[in-house]
Number of protein chains: 2
Amino acid sequence: MTGIQEIARETGLSTATVSRALRGLPNVKAETTSAVRRAADRLGYIPSSAASGLATGRSRALGVLVPVINRWFYVNVLEGIDAELRQAGYDLILYSLGGPAGDRERVFHRSILRRRIDALVVLCLVFNPDESEQLQLAEFPTIVVGGPGPGVRHMGIDDRAAGAAATNHLLGLGHTEIAHIGGEDELGLNIAVPLERHNGYVEALNAAGISAREEWTVNGAFSFEGGQRAMRGLLETAGHRPTAVFAASDEMAFGAITAIVEAGLRVPNDLSVIGIDGHQYGAAMRLTTVSQNPYQQGADATRVLLAELDGREHADSFPSAPFELIVRSSTAPPPASKRDATW
Amino acid sequence: MTGIQEIARETGLSTATVSRALRGLPNVKAETTSAVRRAADRLGYIPSSAASGLATGRSRALGVLVPVINRWFYVNVLEGIDAELRQAGYDLILYSLGGPAGDRERVFHRSILRRRIDALVVLCLVFNPDESEQLQLAEFPTIVVGGPGPGVRHMGIDDRAAGAAATNHLLGLGHTEIAHIGGEDELGLNIAVPLERHNGYVEALNAAGISAREEWTVNGAFSFEGGQRAMRGLLETAGHRPTAVFAASDEMAFGAITAIVEAGLRVPNDLSVIGIDGHQYGAAMRLTTVSQNPYQQGADATRVLLAELDGREHADSFPSAPFELIVRSSTAPPPASKRDATW
DNA sequence: GTGAAAGCGCTAACAA
DNA sequence: TTGTTAGCGCTTTCAC
């Protein structure tokens, strides 16, 4: 209830001076500033962001749009964004599409566009034309983290290269029968990432003179359960079984490993498994993976946006974020019997 | 750039009528409403939440305060809150303390109190007196999910009962040598939950005529890695080894299982493990657990808050959220040799 | 170094 | 059903 006015009255100053003092602007006598601060404390003054937002046109808040919250990658990007924002004194407004069930259109129209935010980070989404237009209208700087899309600048790893790196690691070990657990994720979310990783897989195979078998690319929906289900399906395919599996995310890889162990087989003796991400559980699960740093990607994207809000530099594209092959013991050369069979 | 005024000019109406039409208030001719809507669309009108917030005193946003983001429980509560909010047309502002590193005081003073939110959900935090005072000043309805604290109403499971339930399950199987992996979490965050679960453990043991060995309660920091580390420590204690372990969270239980398997032992043949939470991975890991539903808790808390904002009912306390023992195969009677030794 | 006054874009009486 | 008129609490010229 206490506003800048009470403080003005209390200190015998004008609201203008109080406002300046509170924000620590120059051109205010030091004693005045401290008097104002003291009064503010005493009165329990709480600034109104609506009022200052209205007056300045800036909300000091950044939006983050995610398909769903509950995914390793998103959560880690969020942490990175949050850390950067906290330092800058910005608030974080989280918009979730709510997965396939949540209605996407409403989020775009209702929330994001209420001019509550100064900038937007989008995670792994590809927009449809209407959405692009809405975003255009809103006129705040935007950046996509995690999946490239047409018409929006993007920060993240080169997914195709990462997919190829994972596949090449398996090829290098001598595998030729390599399956892929990818994912359409759900309902049009996140389509760029799985696509590119799959492309990398196919290209790496082709480069090795192997053509991808269609029935060996299965959908793991980018979740543990999905990966497990997909792997079960792969194992049930009687007769011909791959010797290695490349999962497009660690969470799916964990699921795959679980399914393999359930089936009485061993990793990597019977089957090698590699993932992408660098999930914390990876070390304990001994998962070989292509690791990336979503925290850093989130922080970097945020720093770019913040710099633009400050009127500093502007970039239209960014170098790919780094990734790194981490070899642990979920991958090994194919079993001897198989090797003989192939040669 | 387009405001309510342009629409007023364009349609030949007053801003008041436009405002009413845009919000779908009654007492506006249907044709007028649709004319306004059309004009708004055509002009690409985007409402300013700052302006309407200033005028109404409501921001239509709810704050969520978390110790860190990256934890199974928090993420799932967030999903529940978000789902409820999306439906109500509210935005979600996420405040993270940023773990032990982030400075807690700043979050409280700077952000939350900027009157940007109409209500607040706090996850698993216990406040110090200064923080309580700040919250009091801010005057919005608040509710804590996940850990009871003095002076704030709270929603969540009865942690003591859950701890006892887990311990009793092990006792019921015949275990008498039961260790506990709990956690201080980090730096004063989240102290109520681990404390109560530990209390439940001790009480259940006592009720069975067993006194808890101090060296068998270890800190797993509520993380996978922490649980793994704690379990390793427990196993290295030469000579006397427990026959069962109760971990205060599934994530720690997964870490413990990993450590046990690493050590060449088997679950549940050599050691039984039980957790608390109901993590998705639990089924695949075959973890017996006391499961709870954080999504529901988040959604319920949000519904309560929203009802209060609407001037409907107000409650000062809530029934405990349900939990349920899910028996899978990480728990079994103690090994025969051990059993003989004890009897 | 400080004050007066005019908004920022919307909502909410009160009239008409 | 619609318009008029004040604000909401802060920032920001422009004077002094």
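See the structure above.
The shown structure was predicted, so the numbers you read here are calculated from the model rather than taken from an experiment.

A word on the overall build of chain A
Line of reasoning, step 1. Scanning chain A for helices and strands turns up 14 helices and eleven strands.
Line of reasoning, step 2. Taking 2.2 N^0.38 as the reference for a compact globule, 343 residues should give roughly 20 Å; the C-alpha atoms of chain A span a radius of gyration of 26 Å, well beyond that estimate.
Line of reasoning, step 3. In terms of overall dimensions, chain A has C-alpha extents of about 90 × 40 × 35 Å along its principal axes.
Line of reasoning, step 4. Put simply, 73% of the contacts in chain A that link residues at least 6 apart link residues at least 24 apart.
Line of reasoning, step 5. If you sum the accessible surface of chain A, you get close to 14300 Å²; carbon and sulfur atoms cover 51% of it.
Line of reasoning, step 6. Charge-centre separation for chain A: the mean point of 31 positive side chains lies 8 Å from the mean point of 39 negative side chains.

What to know about the protein's contact with DNA strand D
Line of reasoning, step 1. The full set close to DNA strand D counts 25 residues, and A:I4, A:S19, A:Y45, B:R20 and B:T32 are the nearest of them.
Line of reasoning, step 2. In the interface set of DNA strand D, defined as its atoms within 4 Å of the protein, sugar plus phosphate atoms amount to 65%.
Line of reasoning, step 3. Counting only elements with at least two residues in the surface near DNA strand D, the list comes to α2 (15–23) and α4 (49–56) of chain A together with α2 (15–23) and α4 (49–56) of chain B.
Line of reasoning, step 4. Taken together, the residues that form the surface near DNA strand D break down as eleven nonpolar, ten polar and four charged.

Observations concerning the relation of the copies chain B and chain A
Line of reasoning, step 1. The two copies are related by a screw operation: chain B maps onto chain A through 180° of rotation and 0.0 Å of translation along the axis, at an RMSD of 0.1 Å. Here the copies are linked by what is in effect a two-fold axis.
Line of reasoning, step 2. The share of interface residues of chain B whose copies in chain A are also at the interface is 98%, consistent with both copies meeting through the same surface.

As for the interface of chain B and chain A
Line of reasoning, step 1. Counting residues at the interface gives 60 residues for chain B, matched by 59 residues for chain A.
Line of reasoning, step 2. Surface buried jointly by chain B and chain A totals about 5100 Å² across both partners, of which 52% is contributed by carbon and sulfur atoms.
Line of reasoning, step 3. Three residues, B:R86, B:R116 and B:Y281, lead the burial of chain B against chain A; their summed loss comes to 14% of the area buried on that side.
Line of reasoning, step 4. Our count for the contact surface shared by chain B and chain A stands at four salt bridges.

Looking at the environment of A:Q296
All names here are of chain A.
Line of reasoning, step 1. Along the chain, Q296 falls in helix α13 (residues 294–309).
Line of reasoning, step 2. Owing to a relative accessible area of 33%, Q296 belongs among the partly exposed residues under this scheme.
Line of reasoning, step 3. Between the alpha carbons of Q296 and V144 there is a distance of 14 Å; along the sequence they are 152 residues apart.

As for the sheet that holds strand β6 (residues 178–182) of chain A
Residues and elements named next belong to chain A.
Line of reasoning, step 1. The sheet built from six strands is open, its strands ordered β7-β6-β8-β9-β10-β11 with mixed pairing. The strands lining the two open edges of the sheet, one partner per strand, are β7 (217–219) and β11 (324–326). Between one strand axis and the next, the sheet turns by 20° as a mean value, whatever way the strands run.
Line of reasoning, step 2. Relative to strand β8 (residues 244–247), β6 is paired through four bridges, and the arrangement is parallel. Counted as the bridge partner of I181 is A247 from β8.
Line of reasoning, step 3. Strands β6, β7, β8 and β9 (272–277) of the sheet are contacted by helix α9 (residues 192–207), whose axis makes an angle of about 170° with β6.

Describing the packing of helix α8 (residues 159–172) of chain A against α9(A)
All names here are of chain A.
Line of reasoning, step 1. At a minimum axis distance of 7 Å, the contact between α8 and α9 shows a crossing angle of 40°. Between α8 and α9, the crossing angle belongs to the class labelled oblique. By crossing handedness, the relation of α8 to α9 is classed as right-handed. Two secondary-structure elements touch here, α8 through D159, R160, G163, A164, T167, N168 and L171 and α9 through V193, E196, R197, N199, G200, Y201, E203, A204 and L205.
Line of reasoning, step 2. Per-class residue counts for the contact of α8 with α9 are six nonpolar, five polar and five charged.

Focus on the nonpolar core
Line of reasoning, step 1. Within the largest apolar cluster, 112 residues are counted, with the highest numbers of intra-cluster contacts made by A:V64, A:I181, A:M231, B:V64, B:L94, B:I181 and B:M231.
Line of reasoning, step 2. Beyond its immediate stretch of four places on either side in the chain, B:M231 contacts B:I181, B:V245, B:A256, B:A259, B:I260 and B:L271.

Concerning the protein's contact with DNA strand C
Line of reasoning, step 1. Inspection of the region around DNA strand C gives 25 residues, with A:R20, A:T32, B:I4, B:S19 and B:Y45 positioned closest.
Line of reasoning, step 2. Interatomic distance of 3.1 Å between a side-chain N/O atom of B:R23 and a phosphate oxygen of DNA strand C.
Line of reasoning, step 3. Take B:A51: an N or O atom from its main chain is 3.2 Å from a base nitrogen of DNA strand C.
Line of reasoning, step 4. Elements with a minimum of two residues in the surface near DNA strand C: α2 and α4 of chain A together with α2 and α4 of chain B.

Procedures and definitions
- Residues numbered from 1 in each chain as written.
- Chains lettered and ligands numbered in written order.
- Predicted model: local features only at pLDDT ≥ 70, side-chain atom pairs only at ≥ 80, totals over all residues.
- Heavy atoms only, no water.
- Helix = DSSP H or I, 4+ residues; strand = E, 2+ residues; numbered from the N terminus.
- Rg over C-alpha atoms; globule rule 2.2 N^0.38 Å.
- Contact = heavy atoms within 4.5 Å.
- Areas by Shrake-Rupley, 256 points an atom, 1.4 Å probe, with all protein chains shown as cover.
- Lys, Arg positive; Asp, Glu negative; His and termini not counted.
- Charge placed at Lys NZ, Arg CZ, Asp CG, Glu CD.
- Near = heavy atom within 4 Å.
- Nonpolar A, V, L, I, M, F, W, Y, C, P; charged D, E, K, R; others polar.
- Least-squares fit on C-alpha atoms with pLDDT ≥ 70 in both.
- Buried area = accessible area lost by both parts, 1.4 Å probe.
- Salt bridge = Lys/Arg side-chain N within 4 Å of Asp/Glu carboxyl O.
- Buried < 20%, exposed > 50% of the residue type's maximum accessible area, 1.4 Å probe, protein only.
- Pairing = 2+ DSSP bridges.
- Axes fitted to C-alpha atoms, helices over the stretch in contact; angles between N-to-C directions.
- Parallel < 35°, antiparallel > 145°, perpendicular 65-115°, else oblique.
- Left-handed = near helix turned anticlockwise from the far one by under 90°.
- Core = buried A, V, L, I, M, F, W, Y, C linked by side-chain atoms within 4.5 Å.
- Polar contact = N/O pair within 3.5 Å; in protein donor to acceptor, adjacent residues only side chain to side chain.

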